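A look at the structure
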Amino acid sequence: MKGTRRDRAQIETRVLNVLRPLVITVLLVTTLFPFLYMLLLSVRPIEQLLQNPGQFWAPPSAWTVSTYQEVLTSVADGGQGFLRLLTNSAIVSVAATVLTLLVSIPGAYAVSRLRFTGRRQVHFLFLSVYLFPSILLAIPLFVLFTRLGLRGSLAGLTFVYIAQTVPVSIYMLRNYLSTIPESLEEAAAVDGYGRLQTLVKIVLPLAAPAVMANALYVFMIAWNEFLFALLFLVEDRADWTVSLGLAQLSGGIEVSKTVLMAGSVVLTLPIVIIFFAAERLLTEGLTAGAEKA
Amino acid sequence: MKQPRTLRQQENRAGLAYLSPTLVVVLVVVILPILWTIMLAFQRIRLINLRRAGVFGDYSLANIEVVLTSPGFWSSLWTTVVYTVGSTLGSITIGLIAALALRARFRARTLVRASVLLPYVAPVVAVTFVWTVLLSPQFGLLNDWGMRFLGWDRPIAFLSQREYALNVLGWHVDIPIALLTVIAFESWRYFPFAFLFLLARLQAVPQELEEAARVDGAAPTQVFRHILLPQLSAVIALLCVLRFIMTFNKFDDVYLLTGGGAGTEVVSVRVFEFLTARFDIGAAAAQALVLAAGLVVLLVIYLRFLAPRVEGEG
């Protein structure tokens, strides 16, 4: 009996040793292929794509930057005006990030450190943000913003993003804050620090990595968001974010696909750069607590 | 005895004060809109007569009735369920395989692990656009390669065809090609989410357990079945719930890939159509409400009867 068991273990180990590199390769190819395709198509003239759709690789001599020129030049100059859209996206995302942190840092501190009535119930409030479909929130917000004349304003959109990201932000920060020993704060209190002073001068510097990860995370959510941008900003092209612009133009046939691929690259690149620069910070922040689940 | 109580009161006040900005934002942009949706769902409101609508409008069940009896609603709800279950299982399965494959040390592991996360972090509009181009029957790479190397006799309209007639050994099967493609996309985009959580949990499994089993001659599949899987079951259950909720409510992916056509009309896309194409706010709200209610019912069923029982975990 013992012999067959060893055999099975050996055979399986051998099969897995062959299978594992294969699985890793397949995983890598399937995840990266679309991005590589995006990049390569973005530097090709449209005629080439239409003539030979199966050609994946083109020699660098056949590459062109005219697609990027067209997508970035302003509409008035015959381009697609993505520079303007990039600015819009940047304004909304940066504003949402800063404001979310301003709201969520004190919030996370309160939830992790201070005993107050309703502290335990707060989680249900946050859960409701996820349980209800955003399309459900979209209807009344659509109505409300129409009434207030806030549709077509970046400020209104920013406000929605804050509400969407504050709960995650508080959750992530709270996890980190709970790892900071309370004795530090007690020492600060003995030194005569007030509560706010302690938060700003003691806790924040210690929580800097978590705050940073959080900021990047919120930025990425706001930069990638589509539904609310579509509902609130669609009427005026000058207000579009990059995501919205790309979605609107890709539905039609006026703009060539390779130019839009250049638009996709412009939309994706900031996210990829941020992600690879801060990958460890981000993944650790996201899965904090998963070990205990 | 007086001082501690005031300190306690102070702390209470400070806690609420620090949390108040959050509460205000969530109240204004989440709680009030939800309540308002419930009100809207029971009033006959279109964008034109919106000004007259108020808290004391005429309440009726007309919207709910219209929604429940309207053509396509039940099939759309069914599509949502199929789409959600398929994508949830797909993303968790791939995520699990990825986590197991990328667990042990090898060269460039960090880079590979990070690259695998790209579909999840990249902007949805960009990745859906690339997929639509890749799968396009006119200029898509996949169809070109399929015809050239796999012997397809004509291009397949992956995203705009409801059913694809497949002949397998004389058997004629209609497969819902667009829906399957959307599910494949969703599994591709969200497996990194499952991967992250499963990998984090795998790394917390004590090494001695596995080593002891190996010494005893356990095969890798046995180690997985009897040692790793029990350790992972709580995370997998959590992932099932999270992914189910998120996919059930999802709008962007389907809207951007197919626009809800070719048998992929999920409820959230339908709500959007009612809202923006017909300006029928009441019916849109009623449908969104039915969607939320459906989600709650399914979750209760899951938590009551199907969720693996985990003892002593919080």
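Residues numbered from 1 in each chain as written. Chains lettered and ligands numbered in written order. Predicted model: local features only at pLDDT ≥ 70, side-chain atom pairs only at ≥ 80, totals over all residues. Heavy atoms only, no water.

1. As for the UniProt feature "transmembrane region" (unreviewed entry) in chain A
Residue and element names in this part refer to chain A. The positions UniProt marks with the feature "transmembrane region" (unreviewed entry) are residues 21–40, 90–112, 124–146, 152–173, 202–223 and 259–278. The span residues 21–40 is 100% helix and 0% strand, and its two end C-alpha atoms sit 26 Å from each other. Within residues 152–173, the helical portion is 91% and the strand portion 0%, while the C-alpha atoms at the span's ends are 32 Å from each other. (UniProt positions renumbered as here; feature names shortened; annotations may be inferred. Helix = DSSP H or I, 4+ residues; strand = E, 2+ residues; numbered from the N terminus.)

2. Considering a nonpolar patch on the surface
Judged by side-chain polarity, F159 of chain A together with V24, L27, V28, L32, L35 and I38 of chain B come together as a nonpolar surface patch covering roughly 550 Å² of accessible area. The element contributing the most residues to the nonpolar patch is helix α1 (residues 2–41) of chain B, with six residues. By the element assignment, L35 of chain B lies in helix α1. Classification of L35 of chain B by relative accessible area gives partly exposed; the value is 46%. (Patch = residues over 30% accessible without salt bridge, like charges linked within 9 Å, V, L, I, M, F, W, Y side chains within 5 Å. Areas by Shrake-Rupley, 256 points an atom, 1.4 Å probe, with all protein chains shown as cover. Salt bridge = Lys/Arg side-chain N within 4 Å of Asp/Glu carboxyl O. Buried < 20%, exposed > 50% of the residue type's maximum accessible area, 1.4 Å probe, protein only.)

3. As for the packing of aromatic side chains
Working definition: an aromatic ring pair is given by the centre-to-centre distance plus the angle between the planes. One pass over the structure, following the stated rule, counts 25 aromatic pairs over all chains. Following the ring pairs from residue to residue traces out a cluster consisting of F33, Y37 and F56 of chain A together with W145 and F149 of chain B. Over the ring of Y190 of chain B we find R243 of chain B, and its NZ or CZ is 4.0 Å from the ring centre. Cation over ring: R278 of chain B sits above F274 of chain B, and NZ or CZ is 4.0 Å from the ring centre. (Phe/Tyr/Trp six-rings, centres within 6.5 Å; stacked < 30°, edge-to-face > 60°. Lys NZ or Arg CZ within 6 Å of the ring centre and 35° of its normal.)

4. Concerning the interface of chain B and chain A
Between chain B and chain A, the residue contacts involve 104 residues of the former and 97 residues of the latter. Interface area, chain B with chain A, both sides summed: about 8700 Å², of which 78% is carbon and sulfur. Area buried by chain B at its contact with chain A is led by Y18, F129 and F139 of chain B, which between them contribute 9% of it. Where chain B packs against chain A, one counts one salt bridge. Of the charged contacts in the structure, one is a salt bridge between E11 of chain B and R115 of chain A, with a shortest N-O distance of 3.3 Å. Counting the contacts that link chain B with chain A gives 13 residue pairs in polar contact (both at pLDDT 80 or more). Residue contributions to the side of chain B that touches chain A peak at 23 residues, all from α1 of chain B. A per-class count over the side of chain B that touches chain A returns 78 nonpolar, 15 polar and eleven charged. (Contact = heavy atoms within 4.5 Å. Buried area = accessible area lost by both parts, 1.4 Å probe. Polar contact = N/O pair within 3.5 Å; in protein donor to acceptor, adjacent residues only side chain to side chain. Nonpolar A, V, L, I, M, F, W, Y, C, P; charged D, E, K, R; others polar.)

5. Some points on helix α7 (residues 154–177) of chain A
All names here are of chain A. Relative to the 34 Å expected for 24 residues at 1.5 Å per residue, α7 spans 32 Å between its end C-alpha atoms, a close match to the ideal helical length. T165 marks where α7 bends most, by close to 35°; the proline P167 follows one to four residues later. In terms of burial, α7 is a largely internal element, 18 of the 24 residues being buried. (Expected span 1.5 Å × (residues − 1). Bend = angle between axes of the 7 residues up to and from the residue.)

6. A short note on the domain arrangement of chain B
Looking at the assigned domains, one finds that chain B contains domain 1 (2–52) and domain 2 (72–277). For domain 1 of chain B and domain 2 of chain B, the distance between their C-alpha centres works out to 37 Å. (Domains from an automatic or database assignment.)

7. Let's talk about the side chain of T79 of chain B
Inspection of the secondary structure assignment puts T79 of chain B in helix α3 (residues 73–101). For T79 of chain B, the contacting residues outside a window of four places in its chain are L179, G263, T264, E265 and V266 of chain B.

8. Topic: the pattern of salt bridges
In the structure shown here, the tally under the stated rule is ten salt bridges over all chains. Note that R113 of chain A and E185 of chain A form a salt bridge whose closest N and O atoms lie 2.8 Å from each other. Here E185 of chain A lies in helix α8 (residues 182–190) and R113 of chain A lies in helix α4 (residues 82–113), a separation of 72 residues in the sequence. Comparing R113 of chain A with E185 of chain A shows no difference in burial state: the two are buried. Close ionic contact of E210 of chain B with R214 of chain B constitutes a salt bridge, the shortest N to O distance being 3.7 Å. In this pair, E210 of chain B and R214 of chain B both sit in helix α9 (residues 207–215), four residues apart, roughly one turn of the helix.

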